[in-house]
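# Residue-level structural notes
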Amino acid sequence: MNPKKTTIISNGVMLNAYPDSIGHNLSDMVKMLQKKEFKDAFSMFYVLPTFFNSDLDRGFSIIDYNINQELVSNKDLEALKELNITLKFDIVLNHLSVASPQFKDLLKNGENSKYKDFFINWNQFWKDNGHLNADGIMIPKKEFLDKLFMRKSGLPILKIPFPDGSEKPYWNTFYQEVNYTSINIEDLNIFQNLSKDEKLSICNKINSAIIDKKEIASIDVEETYKPKIQKIINSKKIFLGQMDINAKSKLVWDFYEETLAKVKSYGCSILRLDAFAYLHKEVGKSNFFNKPGTWSYLKKIKEIASKNKLTVLPEIHAEYGLHLHDQVAKKGYQIYDFFLPGLMIHTIEKSNNKALLKWAKEIVENKYNTVNMLGCHDGIPVLDLKGKEIDGTYHRGLLQDTEIDFVMNTLLERGGRIKNLYDAEGNKISYYQINTTFFSALGENEQKLLLARAIQLFMPGIPQIWYLDLFAGKNNYAAADKGGTGAHKEINRTTLSKKDIEDGLQKDIVTKQLQLIRLRNTLQAFQGTVTFQKSSENKLHITWQHKTSFASLKANLTSYNFSIEYSVNNKIETIAY
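Because the structure is predicted, anything quoted here is derived from the model rather than measured.

## Section: helix α19 (residues 508-522)
Each turn of an α-helix holds 3.6 residues, which means side chains three or four residues apart point in the same direction. The terminal C-alpha atoms of α19 lie 21 Å apart, and with 15 residues this matches the ideal 21 Å at 1.5 Å per residue to within 8%. Considered for burial, the residues of α19 that qualify are I509, V510, Q513, L514, L516, I517, L519, R520, N521 and T522. At its buried positions, α19 is contacted by α15 (446-458), β22 (462-466), α16 (467-470), α18 (498-504), β26 (562-568) and β27 (571-576).

## Section: empty space enclosed by the protein
Here the idea is plain: a probe the size of a water molecule rolls over the atoms and shows the empty space left. Under the counting rule described, the total for this entry stands at 4 cavities of 30 Å³ or more. Quantified by volume, the largest cavity comes out at close to 100 Å³. As for the largest cavity, its lining consists of I316, H317, A318, E319, L324, H325, I335, Y336, F338, F339 and D384. The set of elements that each furnish at least two residues to the lining of the largest cavity consists of α10 (324-330) and β15 (335-337). For the second largest cavity, the calculated volume is near 80 Å³. What lines the second largest cavity is L148, F149, M150, R151, K152, P156, W171, T173, Y278, K281, S286 and N287. Taken together, the residues of the lining of the second largest cavity break down into 6 nonpolar, 3 polar and 3 charged.

## Description of the sheet that holds strand β23 (residues 529-532)
Note on sheets: strands pair through backbone hydrogen bonds, and any given pair is parallel or antiparallel. Strand order across the open sheet formed by 5 strands is β23-β24-β25-β26-β27, with antiparallel pairing between neighbours. Pairing within the sheet leaves two strands with one partner each, and these edge strands are β23 and β27. Ignoring which end each strand starts from, the neighbouring axes of this sheet average 15 degrees apart. Taken together, the 5 bridges between strand β25 (residues 549-556) and β26 define a ladder with antiparallel strand orientation. Bridging across to β26, A551 finds its partner in Y566.

## What about the layout of surface pockets?
Approximately 820 Å³ is the volume attributed to the largest pocket. Taken together, 23 residues line the largest pocket, and the ones lying closest to its centre are K159, V178, Y180, E215 and K237. Of all the secondary structure elements, the ones that give two or more residues to the lining of the largest pocket are β9 (157-161), β11 (176-180), α6 (196-211) and α7 (226-235). For the lining of the largest pocket, the element with the most residues is β11, which contributes 4 residues. Of the residues in the lining of the largest pocket, the class split is 11 nonpolar, 5 polar and 7 charged.

## Notes on the packing of helix α1 (residues 26-33) against helix α2 (residues 74-82)
A pair of packed helices can be characterised by two numbers: the angle between their axes and the separation between those axes. Their axes nearest at 9 Å, the elements α1 and α2 cross at an angle of 20 degrees. Of the possible angle classes, the one that applies to α1 and α2 is roughly parallel. Handedness of the crossing formed by α1 with α2: left-handed. Note on element contacts: α2 touches α1 through D76, L77, A79 and L80, opposite L26, S27, V30 and L33.

So, how was this worked out
- Residues numbered from 1 in each chain as written.
- Predicted model: local features only at pLDDT ≥ 70, side-chain atom pairs only at ≥ 80, totals over all residues.
- Heavy atoms only, no water.
- Helix = DSSP H or I, 4+ residues; strand = E, 2+ residues; numbered from the N terminus.
- Expected span 1.5 Å × (residues − 1).
- Buried < 20%, exposed > 50% of the residue type's maximum accessible area, 1.4 Å probe, protein only.
- Contact = heavy atoms within 4.5 Å.
- 1 Å grid on protein atoms, 1.4 Å probe; cavity = no way out; pocket = protein on both sides within 12 Å on 5 of 7 lines; lining within 4 Å.
- Points joined across faces, edges and corners; volume = space filled by probe spheres on them.
- Nonpolar A, V, L, I, M, F, W, Y, C, P; charged D, E, K, R; others polar.
- Pairing = 2+ DSSP bridges.
- Axes fitted to C-alpha atoms, helices over the stretch in contact; angles between N-to-C directions.
- Parallel < 35°, antiparallel > 145°, perpendicular 65-115°, else oblique.
- Left-handed = near helix turned anticlockwise from the far one by under 90°.

And the structure:
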């Protein structure tokens, strides 16, 4: 194609990365996109939330929605605008960081804080619907506790120390980190009857316990000292956490109003609603997509978004058999195609198109407005593929349980790390996703990756491309093994240097993907209609048509070879891989 005669189409291709996924900051990413090899490749860029000020979960624990000036500049935003690249951002609806101005005010002023109702005091929420345990934590009645949808083991709380010396549990659905700093002899000066050697001995015991992450109660010191020692240790506690927001507070909605206007000013056109399904909370509900409360909140957010000319994209992971995706789509929302990654693995590894075509035809028939992907900043969803029993009736998944087991086992055998869901007692209740690069998920076979990319680009919806998959990135086990909150996810988040980019652009797997991406991003056929021609189960034949422009993919799922025939400037061209 002659690049001088191409125009980017409105539903083109979306890049996905952190601001510092390439080099050191967004400026290095912009320089990559300005290279001739990337001309006309992308029309959108989903920039992950380290774009904002954050402190945990690689950006999803927001301090505030101001630009993170260590990674992003206004000059970068102007450069992206000149490239005709619009932006997609996150608003993390369910929670804010403990370091947010709102939570810091609560910590400082307690009951006198303007924001005392901005977050959710766990004990107050469950008052009269549970009992206090020995640690002063309200334990919900069993009939309520059994319904709760958990993202981690144990109760979803973080105990927060207040200025009066008390600790109060606050709702914390997602990540937290609690660390203690060592104490010194001077900290024990309140014990005037102890000698210097005795204080030193206690310090050594406590600091060893802190290093070994042992309970203070296990330390061999006189019992009468332990309460005061615990208070000293708590005063040196450093904690991070994603604190759940109380959407019943008017101040929360004022905050959302301000935030949506702010991201629009940065050039946002699509706003991903992260963790929105956890926002509405009610006693006796699962507190995951409570109805009708969640619909009410979604409607209010959409109204604010419309005022700012933003398209909202609710992010939700749930079993296919629950049909939440269908319900969200029928309310007029764009939806994520979280089913495609697992279906793609199954399609290619089993050389069978049946499940993939069932889903593709469902998208078309129901007129779903989707954003799809292969890899992303999270793992490959597997929970999403499952069936679900509702009111005694089982609704089938896109894959049978044995087929999902095959996908999972394949990914785990190839080095993936699994993420599960838990009940309140810490028992695993379901698998959730597997963290891996898509290239490693395909056995690091370049032809399979190229075929997967071609199929993705011919699927209905906006194709979102994870930067690391574009460069055929492999699992980063060293990063995943470092430990810490969410470390398993780092297997798929390797930062690429400028040299990695230069070297990558010399590889066929990169340049061929870019060729396919550019075709999808510029060819008018993809603004038309898609049809799925009848073929044997080990083949795919997908055609897009818009007026006189067409593009047709013919793929062999056994050999992984494929060809694309398309029309451009009244000429028919063919490329084969």
